[in-house]
Number of protein chains: 2
Amino acid sequence: MLPGVGVFGTGSTARVLVPLLQAEGFEVHALWGQSEEEAGCLAKELGIPFHTSRSDDVLLHPDVHLVCIYIPPPMTRQIAVNALGIGKNVVCEKAATAVDSFKMVTAARYYPQLLSIMGNTLRFLPAFVAMRRLLTEGYVGEVQVCDVRVYGPSLLDRSYGWTCEELMGGGGLHTVGSTIIDLLSHLIGSRAQRVHGLLRTFLQQSGSICGIRRVTSDDFCFFQMSMGESGSGQGVGGVCCTVTLNFNMPGAFTHEVMVVGSAGRLVARGTELYGQRNGGDGEELLLGDVGWVGPEVRDLLPPPHLRGLGSMVTALRHSFQAHEERRSWAREPVATAPTFEDGLYVQTVVEAVKRSSRSGEWECVEVMTKEPDPNHNLCEALQRNKN
Amino acid sequence: MLPGVGVFGTGSTARVLVPLLQAEGFEVHALWGQSEEEAGCLAKELGIPFHTSRSDDVLLHPDVHLVCIYIPPPMTRQIAVNALGIGKNVVCEKAATAVDSFKMVTAARYYPQLLSIMGNTLRFLPAFVAMRRLLTEGYVGEVQVCDVRVYGPSLLDRSYGWTCEELMGGGGLHTVGSTIIDLLSHLIGSRAQRVHGLLRTFLQQSGSICGIRRVTSDDFCFFQMSMGESGSGQGVGGVCCTVTLNFNMPGAFTHEVMVVGSAGRLVARGTELYGQRNGGDGEELLLGDVGWVGPEVRDLLPPPHLRGLGSMVTALRHSFQAHEERRSWAREPVATAPTFEDGLYVQTVVEAVKRSSRSGEWECVEVMTKEPDPNHNLCEALQRNKN
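Residues numbered from 1 in each chain as written. Chains lettered and ligands numbered in written order. Predicted model: local features only at pLDDT ≥ 70, side-chain atom pairs only at ≥ 80, totals over all residues. Heavy atoms only, no water.

Enquirer: Looking at this structure, how should I read the pairing of strand β8 (residues 192-200) of chain A?
Expert: On a regular strand, one side chain projects to one face of the sheet and the next to the other, so that they alternate. Residue and element names in this part refer to chain A. Among the nine residues in β8, eight count as buried, and that is most of the element. Both β8 and strand β9 (residues 220-227) contribute to a ladder of eight bridges, which runs antiparallel. Directly across from A192, in β9, lies its bridge partner M227. As judged from the two bridges shared by β8 and strand β15 (residues 363-364), these two strands associate in the antiparallel manner. When the bridges of β15 are listed, V195 appears paired with E363. (Buried < 20%, exposed > 50% of the residue type's maximum accessible area, 1.4 Å probe, protein only. Helix = DSSP H or I, 4+ residues; strand = E, 2+ residues; numbered from the N terminus. Pairing = 2+ DSSP bridges.)

Dropping the structure here:
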């Protein structure tokens, strides 16, 4: 039986998620927004019976057994940890820092019977499901290079807010790059060991962001990841991933993920999958676009994210439908979903890329295994602000 | 009046160049090949009256006033310098090292009345001529990012040779990357100050390259160039160029050069130019493919290089036609051609990228201003071989 859902957030993902949940048969009982007004407006629009700006009102809502958290990154950790603490299943977006992600991992480990997955949805996109299967089957041979490009219009909100602030989790790397980092480790089955990156903020001010305010989050980011290499030397052995993110391209949306191997290559362009074997007869369409069959929501998210989100919601339905009890869920349908541990890894890579952009050097990816001394953190943050 | 031409080389560029020269009205009097047999075969095929494997026989040929040098990089310097020394005009491909390039610059400076240009031909491709004009006119606003991708099949010769050897000027970076480095500095009018790169050799052996032989030249290369920045900090300010070269893709040829600015973007795909202004109505085709009108040679070179070469030969004709005397040429038609100084700059960037791939760090591009102590070079080469 499907659990009642409480949704945190009034942004574009939340706006898309609610109709998707409803279409799959989930009842959305409660909506949280940063202001009563925002929450009220959207609740009315989406037909949600209860809205609030107090998080506990959603978390303690008796009909809510699944909490979906799509809010600014700095607020995510607290809500996610609290939700797990009072026995709710959690789907959430990334946190703002590795320390926050680590706290979420600790909570998730403490309540293994509760569902806790990251809402990075590209893993569920059928094109990437098929790509992963073909990679396992050896379609490209030995994987050599992954080359990813995401180009699009600005990610900034019209008014000044967290999207403008690097330290609050704004910027292309944190918002979009994190979904790519997660996807690549999922596709090729190994993790980044060293990264090198460059972040730029080309648009530092705009019509509505002016005066003393300045955008600090990146609108151009390039990074390389050296995945699961043998360890010796600079970038020798292992798979080399290059990722280019450019959000200075109004009117465009390019989402291309290419995996090149010794025997051929696979390319996902948008939601479609193409492949070419070496010596074969040119590129073949392996998975076409089947057209969108969900509710009318399409313009708020780029197609790969929208389709991925839709498939994730379907997987959630399968997971919960397997059991009679509202809170219980089956692991298998959501087995490929990113865990909070994956979320911590992704956040660690994001921070290593930022470090590399400052140092100009390759930086190691070392996933936190215990919570750092908070005083040490403070020192680091102060240090960083100085630069 | 058009000068008689002597061609060095029997590779694919030389094979294409000769018919192009002939079609423009140049008489090709002499052909040099590494062996008498190779030279004889190609001379017969292309209708060249004289062939030899001794370079002086071409250089001293009384009817040859223009020498075109398209041979393995380690041999280029000597022929080019000798040709200038006996008063011949020179068009040539890149040398193998910055030291060689420097010697060519010295010779070119010594004979300013002789034509001495690098045969990197992308500058002459109509798409890039138009792109440069549009950039000057402000089509994209302030240039922020250049993003270049060249994907194709292996660059290796079937049998073991210089293309397999990094130190002999083989590999994607040296062969193709150098044309892109030259093109980008020409397009945006500034030079790389710092570079970061990663080279890989994924295919180290093949059916015909085996045993103790191993390919050392790169088949995958990614590099970033920080162009004309203000100087302080890591990658802050200035234009950021990212270049991805992948020659592990049999059956593919992708040649895409994108320039993104504050007001729009321009993209050359193959030989076509597209543009989009921010706020405009999507992408517009600015320069389509006009179809190949030259002699039947197309399959030996990728289309952008073939078309570029064709346009360069036409420019050469205009340059020489302007004068009655066979050795005289007008500067204007070839004013945009890369000089030997440009060749030295390109070679310096190539070597900085290789250094960066070994060190893992950003490397400064410092163009040689005096010839280094040859003993010092020897030490460096020995040092490098040890690593």
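That was the structure; now back to the text.
Enquirer: Sorry if this is basic, but what is going on with the interface of chain B and chain A here?
Expert: Where the parts come together, the accessible area they lose is often given as the size of the interface. With 42 residues of chain B at the contact, the number on the chain A side is 42 residues. Where chain B abuts chain A, roughly 3,200 Å² becomes buried across the two surfaces, and 54% of that area is made up of carbon and sulfur atoms. Here chain B and chain A share two salt bridges between them. Residues E256 of chain B and R149 of chain A are paired through a salt bridge, measuring 3.2 Å at the closest nitrogen-oxygen approach. Joining chain B to chain A, the criterion identifies nine residue pairs in polar contact (both at pLDDT 80 or more). Of all the secondary structure elements, the ones that give two or more residues to the side of chain B that touches chain A are β7 (143-151), β8 (192-200), β9 (220-227), β10 (239-246), β11 (254-261) and α9 (340-359) of chain B. Here the residues of the side of chain B that touches chain A are counted per class, giving 15 nonpolar, 19 polar and eight charged. (Contact = heavy atoms within 4.5 Å. Buried area = accessible area lost by both parts, 1.4 Å probe. Salt bridge = Lys/Arg side-chain N within 4 Å of Asp/Glu carboxyl O. Polar contact = N/O pair within 3.5 Å; in protein donor to acceptor, adjacent residues only side chain to side chain. Nonpolar A, V, L, I, M, F, W, Y, C, P; charged D, E, K, R; others polar.)

Enquirer: In this structure, what is going on with helix α6 (residues 126-136) of chain A? I would like to understand it.
Expert: An α-helical segment advances 3.6 residues per turn. Residues three or four places apart therefore align on the same side. All names here are of chain A. Of the residues making up α6, those classed as buried are A127, F128, A130, M131, L134 and L135. For α6, the angular spread of the buried residues around the axis is 160 degrees, confining them to a single face. The inward-facing, buried residues of α6 contact β7 (143-151), α7 (172-188), β11 (254-261), β12 (264-269), β13 (272-277) and β14 (284-287). At the C-terminal side of α6, G138 shows a positive phi close to 90 degrees. (Arc of directions from axis to C-beta.)

Enquirer: So what exactly am I meant to see when it comes to the packing of aromatic side chains here?
Expert: Two descriptors summarise a pair of aromatic rings, namely the distance from one centre to the other and the angle between the planes of the rings. All chains considered together, the criterion is met by nine aromatic pairs over all chains. Note on F222 of chain A and F222 of chain B: the rings are 4.2 Å apart at their centroids and 15 degrees apart in plane angle, and the pair reads as stacked. Here F222 of chain B lies in strand β9 and F222 of chain A lies in strand β9, a pairing that spans two chains. Both residues of the pair, F222 of chain A and F222 of chain B, count as buried. Measuring from centroid to centroid gives 6.5 Å for F26 of chain B and F320 of chain B, while their planes differ by 90 degrees, and the two rings are edge-to-face. Of this pair, F26 of chain B sits in the loop between α1 (12-23) and β2 (28-32) while F320 of chain B sits in helix α8 (residues 303-321), and the two are 294 residues apart along the sequence. The exposure class of F26 of chain B is buried, given its relative accessible area of 2%. Over the ring of W362 of chain A we find R194 of chain A; its NZ or CZ atom is 4.5 Å from the centre of that ring. Here the guanidinium or amino end of R269 of chain A rests over the ring plane of Y274 of chain A, the centre of that ring lying 4.9 Å away. (Phe/Tyr/Trp six-rings, centres within 6.5 Å; stacked < 30°, edge-to-face > 60°. Lys NZ or Arg CZ within 6 Å of the ring centre and 35° of its normal.)

Enquirer: I keep staring at helix α4 (residues 73-85) of chain A and nothing clicks. Help me out?
Expert: Residues and elements named next belong to chain A. Spanning 13 residues, α4 covers 19 Å between terminal C-alpha atoms, matching the ideal 18 Å at 1.5 Å per step. Listed in full, the buried residues belonging to α4 are P73, T76, I79, A80, A83 and L84. Looking straight down α4, one finds that the buried residues subtend no more than 125 degrees of arc, so they occupy a single side. Remark: G87 follows α4 within two positions and exhibits a positive phi of approximately 85 degrees. (Expected span 1.5 Å × (residues − 1).)

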